[in-house]
Amino acid sequence: MAKRIKNIAPEVLNAPDLTPEELGEDVMLDIRNLTVHYEVDGDVVEAVSDVTLQVKKRKTLGLVGETGAGKTTTALAALNLIPDPPGIIKKGSIYVCGENILKKRPAELEKIRGQDISMIFQDPMTSLNPVFTVGDQIAESVRIHEGLSKTEAMERAMEMLEIVGIPRNRVNEYPHQFSGGMKQRVVIACALACNPRVLIADEPTTALDVTIQAQVLDLMRDLRMKYDTAMIMITHDLGIVADICDDVAVMYAGRIIEQGTLDEVFNETRHPYTEGLFNSLPNIHDRQARLKPIPGLMPDPANLPKGCAFADRCKYATDACKEARPVQRWVSDTHMVACTAYDDPDFIIERSKKA
Amino acid sequence: MLKYSIKRLLLLIPVLLGVTFIIYAAMNLSGTDYVDSLITEDMTEEQVAAMRAHYGLDKPLIERYVIYIGKMFQGDLGKSYNNGLDVWEYFKTRIGATLYLGLMAGVVTTVLAIPLGIIAAVKNGSVIDNICNVLGVIGLATPNFWLGLLLIVLFAVKLKWLPVSGNEHWYSVILPAFTIGTGHMAIQMRTTRTAMLDNLRADYLRTARAKGVSERKVVTKHALRNALIPTVQIALALLSTAVGGAALTESVFNWPGVGKVIVDAVSKRDIPLACGFLVLKCSILGVFHVFTELLNVVIDPRLKTMYVRDRKKKNDSGKKAKEAKAA
């Protein structure tokens, strides 16, 4: 099957390639202006719009946002695994280790996936094939990419199991014989088996209890140091972001609304939505304080308003917010915010006032 | 596993008892018996009664049934009323043809249906898929005996390519095998297609693709291996109907198998022959079903560990008992 991937718009395929200079040094994953639509029966769902991300060697980017914000779609696009149908990559470019992954043929993609870039999926219950042993599933990518014999690959699978804290003698057992947390660790072992240079972790610790969570995060930190892995950590958990990430991108309704270093996003928060996320965290110093959830729900991605998608839930919103999409505003070299309120040079959100 | 198989085989005994009783009762309660078909106008009442006594038909139903079962467990299935042949010996001469036809029908079904089902699923919504669906509906809606007659008219009478009936040549099996196979093919194809569609959407295929598994292997290894679980299940169920229930097709093609004998025996109220043949056929199907279950365990590892766990538990409890003793 040497045909091209079908679900990519022609302008994406025909766009000129970026030069290494344009990509920049040590950039392992470069996503520019990515727009992904899901088209079902004439309805267009703008799952991801104009997303630009960069992850360098040994760095971890936290991708934060609520369910349906487009985090997983962004991640799948990075592997060129957008479900087809209904997904279509409308615009943008994605470079993995300097290679334009959207222009690769399936045979070339197979070499990149699992070795250059690999992904930990979020639902361990369904991400493993029920009829193959966990050993087979971990060994599979090793056999594909490193051409090891069956016994060598199984030996590697056993090592991987030990690394994620599962006794090696369980290598010949099937997924249903493992608990949820152990299955998640098997999924992690599958993704790490070939020491990928870029790792996307889609809520890797959501199914795990706190002790195992810490182990898994340590494991990822080790991997980053040992193999210079660049990582994207998709999570709801701002605690994990603070723990492991260097940079943070906050997504809302398919767009990145604030992006910066960990310090910038946490301590110099600009966007009202990011502020809302922090306000929904319990405060350990003031145990009487009530949580302040963000009111309302994210708008239907098939039917986004023409203005700021967050305007209806935003306490700072003005009429201007509902008129036009906010532009991306660079506060520093690394800190970006997309919020119309900053048209007023004196605007400041409450969280920053306190600080 | 071995223990489980033996247990399942022993369960066949009550099943066979139930089957024989139903057949025996149904044939005796039908109002007429074998002797009725022999009565001629010039016979006296006494002669008829003597004939009934000769065949043992004068005794009450339960008594006859108990005698029959007693003999059956000694390996004696009696003799046919009609041709006087020993039922077991007669069965041996007929079962080969039935098994052969059933297997050939199974081959026709499997070879055509499973690849078509896979293609229909992979090319979901395409022209091939739609053609398969239409053929499937036609296959399901066509009665077997009618299709058999049509095939005879076309290939045997008009074109004279294949024999009308019987089993004299190696190619005699083609028409009856296709007659049974096409009906089953529709079911098999639909099951395969549905199972493949379910699995082609599964999350673990995405995991496999993310590992760099090629698209061909994603379909033929990861998806098909899972889709095989229901597919093989249905294939074996269909095979057992093909082997066991082809009486109508056998009649249409005058196939020298057991199905035709049973149909004739029932209509003549030849109780030992009908009962004996059905009991033997049920035994074969029973063994076949145990085999099916074992094969399932091989295909679906989730079932296997069920048995392993049982064994582990027993070992554990045994160990604990020993430890308790030692303490």
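Basis of the calculations
Residues numbered from 1 in each chain as written. Chains lettered and ligands numbered in written order. Predicted model: local features only at pLDDT ≥ 70, side-chain atom pairs only at ≥ 80, totals over all residues. Heavy atoms only, no water. Helix = DSSP H or I, 4+ residues; strand = E, 2+ residues; numbered from the N terminus. Rg over C-alpha atoms; globule rule 2.2 N^0.38 Å. Contact = heavy atoms within 4.5 Å. Lys, Arg positive; Asp, Glu negative; His and termini not counted. Charge placed at Lys NZ, Arg CZ, Asp CG, Glu CD. Buried < 20%, exposed > 50% of the residue type's maximum accessible area, 1.4 Å probe, protein only. Areas by Shrake-Rupley, 256 points an atom, 1.4 Å probe, with all protein chains shown as cover. Pairing = 2+ DSSP bridges. Expected span 1.5 Å × (residues − 1). Patch = residues over 30% accessible without salt bridge, like charges linked within 9 Å, V, L, I, M, F, W, Y side chains within 5 Å. Salt bridge = Lys/Arg side-chain N within 4 Å of Asp/Glu carboxyl O. Buried area = accessible area lost by both parts, 1.4 Å probe. Polar contact = N/O pair within 3.5 Å; in protein donor to acceptor, adjacent residues only side chain to side chain. Nonpolar A, V, L, I, M, F, W, Y, C, P; charged D, E, K, R; others polar. Axes fitted to C-alpha atoms, helices over the stretch in contact; angles between N-to-C directions. Left-handed = near helix turned anticlockwise from the far one by under 90°. Parallel < 35°, antiparallel > 145°, perpendicular 65-115°, else oblique. pLDDT = per-residue confidence, 0-100.

**Student:** Looking at this structure, I do not really get the overall build of chain B. What am I missing?
**Tutor:** Scanning chain B for helices and strands turns up 14 helices and zero strands. Beginning at the N terminus, the succession of helices and strands in chain B can be written as α-α-α-α-α-α-α-α-α-α-α-α-α-α. For chain B, the C-alpha radius of gyration of 26 Å lies well beyond 20 Å, the compact-globule estimate for 327 residues. With respect to the principal axes defined by its C-alpha atoms, chain B has extents near 90 × 80 × 30 Å. Intrachain contacts of chain B at a sequence separation of at least 6 include 75% that bridge at least 24 residues. The averaged location of the 24 negative side-chain charges in chain B is 18 Å from the averaged location of its 38 positive side-chain charges.

**Student:** Before we go on, may I ask you to explain the overall build of chain A in this structure?
**Tutor:** Across its full length, chain A holds 14 helices and twelve strands. Since a compact globule built from 355 residues should have a radius of gyration of about 20 Å, the 21 Å found for chain A is in line with a globular shape. Once the C-alpha set of chain A is aligned to its principal axes, its extents read approximately 65 × 55 × 40 Å. Each of the 355 residues in chain A was classed as buried or not, and the buried ones make up 53%. For chain A, restricting intrachain contacts to residue pairs at least 6 apart in sequence, the fraction spanning at least 24 positions comes to 64%. Accessible surface, chain A as shown: approximately 16200 Å² in total, 50% of it carbon and sulfur.

**Student:** Just checking my understanding: could you explain the pairing of strand S3 (residues 60-64) of chain A for this structure?
**Tutor:** Looking down a regular strand, the side chains alternate between one sheet face and the other. Residues and elements named next belong to chain A. For S3, a buried count of five out of five residues is recorded, marking the element as mostly surrounded by other parts of the structure. Alternating residues of S3 divide into Thr60, Gly62 and Val64 and Leu61 and Leu63, and every residue in both groups is buried. Taken together, the five bridges between S3 and strand S8 (residues 230-235) define a ladder with parallel strand orientation. Each residue of the ladder has a partner; that of Val64, found in S8, is Thr235. For S3 and strand S9 (residues 247-252), the ladder comprises four bridges, and the chain directions are parallel. Paired with Gly62 across the strands is Val248, a residue of S9.

**Student:** Where do I start with helix H7 (residues 150-163) of chain A in this structure?
**Tutor:** An α-helix turns once every 3.6 residues. As a result, residues three or four positions apart point the same way. Residues and elements named next belong to chain A. Taking 1.5 Å of rise per residue, the 14 residues of H7 would be expected to cover 20 Å, and the 20 Å separating its terminal C-alpha atoms lies within 8% of that figure. Listed as buried for H7 are Ala153, Met154, Arg156, Ala157, Met158, Met160 and Leu161. In this structure, the buried residues of H7 make contact with helix H6 (134-146) and helix H8 (180-192).

**Student:** Is there a simple way to explain a nonpolar patch on the surface in this structure?
**Tutor:** Residues and elements named next belong to chain B. A contiguous nonpolar patch, built from Leu2, Ile6, Leu10, Ile13, Leu17 and Phe73 and spanning about 590 Å² of accessible area, is present on the exposed surface. Those elements that provide at least two residues to the nonpolar patch are helix H1 (2-10) and helix H2 (12-28). Of the residues forming the nonpolar patch, the biggest block, three residues, is contributed by H1. Following the sequence through the fold, Leu10 ends up in helix H1.

**Student:** Would you mind going over the interface of chain A and chain B with me for this structure?
**Tutor:** Frequently, the measure chosen for interface size is the accessible area that the parts lose on association. Every contact between the two is made by 25 residues of chain A and, on the other side, 22 residues of chain B. Buried surface at the junction of chain A and chain B, summed over both partners, amounts to about 2300 Å²; 62% is from carbon and sulfur atoms. At the boundary of chain A and chain B, one finds two salt bridges. Between B:Lys221 and A:Glu140 there is a salt bridge whose closest N-O contact spans 3.2 Å. At the surface where chain A touches chain B, the tally comes to eleven residue pairs in polar contact (both at pLDDT 80 or more). Split into classes, the residues belonging to the side of chain A that touches chain B amount to 13 nonpolar, nine polar and three charged.

**Student:** I keep staring at the sheet that holds strand S4 (residues 87-96) of chain A and nothing clicks. Help me out?
**Tutor:** The strands making up a sheet are joined through hydrogen bonds of the backbone, oriented either antiparallel or parallel. All names here are of chain A. One open sheet holds the four strands; their spatial order is S2-S1-S4-S5, and the pairing between them is antiparallel. Only two strands of the sheet have a single neighbouring strand rather than two, namely strand S2 (43-56) and strand S5 (99-100). Sheet analysis places S4 next to S5, joined by two bridges and oriented antiparallel. Paired with Tyr95 across the strands is Asn100, a residue of S5. Together, strand S1 (27-40), S2 and S4 form the strand contacts of helix H3 (residues 71-78), whose direction differs from that of S1 by roughly 115°.

**Student:** Sorry, what's going on with the packing of helix H5 (residues 87-122) of chain B against helix H8 (residues 174-200) of chain B here?
**Tutor:** Helix-helix packing is described using two parameters, namely the angle between the two axes and the distance between the axes. Residue and element names in this part refer to chain B. Between H5 and H8, whose axes approach to 6 Å, the crossing angle comes to 35°. In the crossing of H5 with H8, the sense of the turn from one axis to the other is right-handed. In terms of residue class, the contact of H5 with H8 is made up of 21 nonpolar, six polar and one charged.

**Student:** Explanation requested: the packing of helix H10 (residues 215-244) of chain B against helix H13 (residues 271-299) of chain B in the structure shown.
**Tutor:** Residue and element names in this part refer to chain B. Put simply, H10 and H13 touch, their axes get as near as 10 Å, and they point 175° apart. The angle between the axes of H10 and H13 places the two elements in the roughly antiparallel class. Taken together, the residues of H13 that come into contact with H10 (itself represented by Arg225, Ile229, Val232, Gln233, Leu236, Leu239, Ser240 and Gly244) are Lys281, Leu285, Phe288, His289, Thr292, Leu295, Asn296, Val298 and Ile299.

**Student:** How should H8(A) be read in this particular structure?
**Tutor:** Here H8(A) contains 13 residues, and its C-alpha end-to-end distance of 18 Å stays within 8% of the 18 Å for a straight helix at 1.5 Å per residue. Most of H8(A) sits inside the fold, with 13 of its 13 residues counted as buried.

**Student:** Looking at this structure, I do not really get the side chain of A:His271. What am I missing?
**Tutor:** Within the secondary structure layout, A:His271 lies in the loop between helix H11 (262-267) and helix H12 (272-279). For A:His271, the residues in contact, after removing those within four places along its chain, are A:Ile257, A:Glu258, A:Phe310, A:Val337, A:Ala338, A:Cys339, A:Tyr342 and A:Ile349.

**Student:** Just checking my understanding: could you explain the sheet that holds strand S11 (residues 328-330) of chain A for this structure?
**Tutor:** All names here are of chain A. Taken together, eight strands build an open sheet; the order of strands is S6-S7-S8-S3-S9-S10-S12-S11 and the sheet is mixed. Single-partner strands in this sheet number two, and they are strand S6 (117-120) and S11. Averaged over all pairs of adjacent strands, the angle between strand axes in this sheet comes to 20°, irrespective of strand direction. With respect to the sheet, H12 is in contact with S3, S9 and strand S10 (255-261), its orientation differing from that of S9 by roughly 100°.

**Student:** Would you mind going over the confidence of the model for chain B with me for this structure?
**Tutor:** Detailed reading of predicted coordinates is not advised where the pLDDT is low. Residues and elements named next belong to chain B. Of all residues in chain B, 92% attain a pLDDT of 70 or more, and the chain-wide mean is 81. Across chain B, element-level confidence peaks in helix H9 (residues 203-210) with a mean pLDDT of 89 and bottoms out in helix H14 (residues 301-326) with 60. The ipTM, which scores confidence in the relative placement of chains, is 0.84 for this predicted complex, and the corresponding pTM is 0.76.

**Student:** Looking at this structure, how should I read the environment of A:Ile112?
**Tutor:** Residues and elements named next belong to chain A. Within the secondary structure layout, Ile112 lies in helix H4 (residues 106-112). A residue is classified by how much of its surface remains accessible, and Ile112, at 7% relative accessible area, is buried. Along the primary structure Ile112 and Met125 are separated by 13 residues, whereas in three dimensions their C-alpha atoms are 26 Å apart. With sequence-adjacent residues up to four places away left out, Ile112 is seen in contact with Val96, Ile101, Lys104 and Ile117.

**Student:** Is there a simple way to think about the environment of B:Ile138 in this case?
**Tutor:** The residue B:Ile138 is located in helix H6 (residues 127-141) in this model. With 124 residues separating them along the chain, B:Ile138 and B:Ile262 place their C-alpha atoms 29 Å apart.

**Student:** Explanation requested: the side chain of A:Ser93 in the structure shown.
**Tutor:** Here A:Ser93 is to be found in strand S4. Residue classification places A:Ser93 among the buried positions, given a relative accessible area of 15%.

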